[in-house]
Amino acid sequence: MERKLYRSRTDVMIGGVCAGLGDYLKVDPTVVRLAFVLTALFGAANAYLALKAGQTIAATIPAAVIAIALFRLPFANSSICRRK
């Protein structure tokens, strides 16, 4: 007998997608729903952290360059900055 993927019309929470997928995979629909929620949460957290890391790195690199330039300015003619 051929298995068919369908949306459940009886075990419906939002649209019956997770229940239909659970029936197709022979898994409890609650497990599939929990997997969808965890995937959405971790995906959103990953996107948020990636954006925050990008902003942090973009903001700190120019600040570090400016700090190095300001640090070298008073010592421009001294032997501290010269390499031999």
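Along every chain, residues carry numbers that run from 1 in the direction the sequence is written. With pLDDT at 70 or above as the cut-off, local features in this predicted model cover only qualifying residues; side-chain atom pairs require 80 or more to be listed or tallied, and sums for whole chains, interfaces and linings still use all residues. The side-chain values count all of the structure's non-hydrogen atoms but skip hydrogen atoms and water molecules.

## Describing the overall build of the protein chain
Numbering of helices and strands runs from the N terminus, with a helix taken as a DSSP run of H or I at least four residues long and a strand as a DSSP run of E at least two residues long. The secondary structure content of the protein chain amounts to 2 helices and 0 strands. Whether two residues touch is decided by their heavy atoms; if any such pair falls within 4.5 Å, the residues are in contact. Taking contacts inside the protein chain between residues at least 6 apart in sequence as the whole, the part at least 24 apart equals 0%. For the protein chain, the accessible surface area stands at approximately 7500 Å², while carbon and sulfur atoms represent 68% of it. Each accessible area value is a Shrake-Rupley result obtained with a 1.4 Å probe; residue values ignore everything except the protein chains displayed when judging cover.

## Considering a nonpolar patch on the surface
Each patch groups residues whose relative accessible area exceeds 30% and which form no salt bridge, using 9 Å between like charges and 5 Å between nonpolar side chains of Val, Leu, Ile, Met, Phe, Trp and Tyr. Whenever Lys or Arg places a side-chain nitrogen within 4 Å of a carboxyl oxygen from Asp or Glu, that contact is recorded as a salt bridge. There is a patch of nonpolar side chains on the surface, built from Leu 34, Val 37, Leu 38, Leu 41 and Phe 42 and spanning about 510 Å² of accessible area. In this structure, Phe 42 sits in helix H2 (residues 29-72).

## Brief notes about unusual backbone geometry
Negative phi is the rule for most residues except glycine; trans is the rule for most peptide bonds. Even without being glycine, Lys 26 reaches a positive phi, approximately 60°. Of note, Lys 26 is situated in the loop between helix H1 (17-25) and H2.

## Regarding the pattern of salt bridges
Enumeration according to the criterion identifies 1 salt bridge in this entry. Its salt-bridge partner being Asp 11, residue Arg 33 comes within 3.6 Å of it at the nearest N-O pair. On the criterion of sequence distance, the pair formed by Arg 33 in helix H2 and Asp 11 in the segment before H1 is long-range, its members being 22 residues apart.

## Regarding the packing of aromatic side chains
Between rings of Phe, Tyr and Trp, where Trp is taken as its six-membered ring, a pair exists when centres lie within 6.5 Å; planes separated by under 30 degrees are stacked, by over 60 edge-to-face, and by other angles tilted. Tallied over the entire structure, the rule returns 0 aromatic pairs. Only when the NZ atom of a Lys or the CZ atom of an Arg is both within 6 Å of the ring centre and within 35 degrees of the ring normal do we say a charge sits over the ring. Here Arg 3 stacks its cationic end above the ring of Tyr 24, 4.5 Å away from the centre of that ring.

## Side note on H1
Among the residues making up H1, those that are buried are Cys 18, Ala 19, Gly 20 and Gly 22. Next to the buried residues of H1 lie H2. Immediately downstream of H1, the backbone of Lys 26 shows phi near 60°, a positive value. For each residue, the accessible area found with a 1.4 Å probe, counting protein chains only, is set against the maximum for its type, and the residue is called buried under 20%, exposed over 50%, and partly exposed in between.

## Details of the packing of H1 against H2
Simply put, an axis is a line fit to the C-alpha atoms, just over the touching stretch for a helix, and the angle between two N-to-C directions goes from 0 to 180 degrees. For the pair H1 and H2, interaxial distance at closest approach is 8 Å and the crossing angle is 120°. In terms of orientation, H1 and H2 fall into the oblique class. Considering how the two elements wind past one another, H1 and H2 form a crossing that is right-handed. Mapping the contact onto sequence places Cys 18, Ala 19, Leu 21 and Gly 22 in H1 and Pro 29, Val 32, Arg 33 and Phe 36 in H2. Side-chain classes are defined by residue name, with Ala, Val, Leu, Ile, Met, Phe, Trp, Tyr, Cys and Pro counting as nonpolar, Asp, Glu, Lys and Arg as charged, and the others, Gly among them, as polar. Residue composition of the contact of H1 with H2, grouped by class: 6 nonpolar, 1 polar and 1 charged. Should an angle fall under 35 degrees it is taken as roughly parallel, and over 145 as roughly antiparallel, whereas 65 to 115 is taken as roughly perpendicular and any remaining angle as oblique. Should the near helix be turned anticlockwise from the far one by less than a right angle, the crossing is left-handed, and should it be turned clockwise, the crossing is right-handed.

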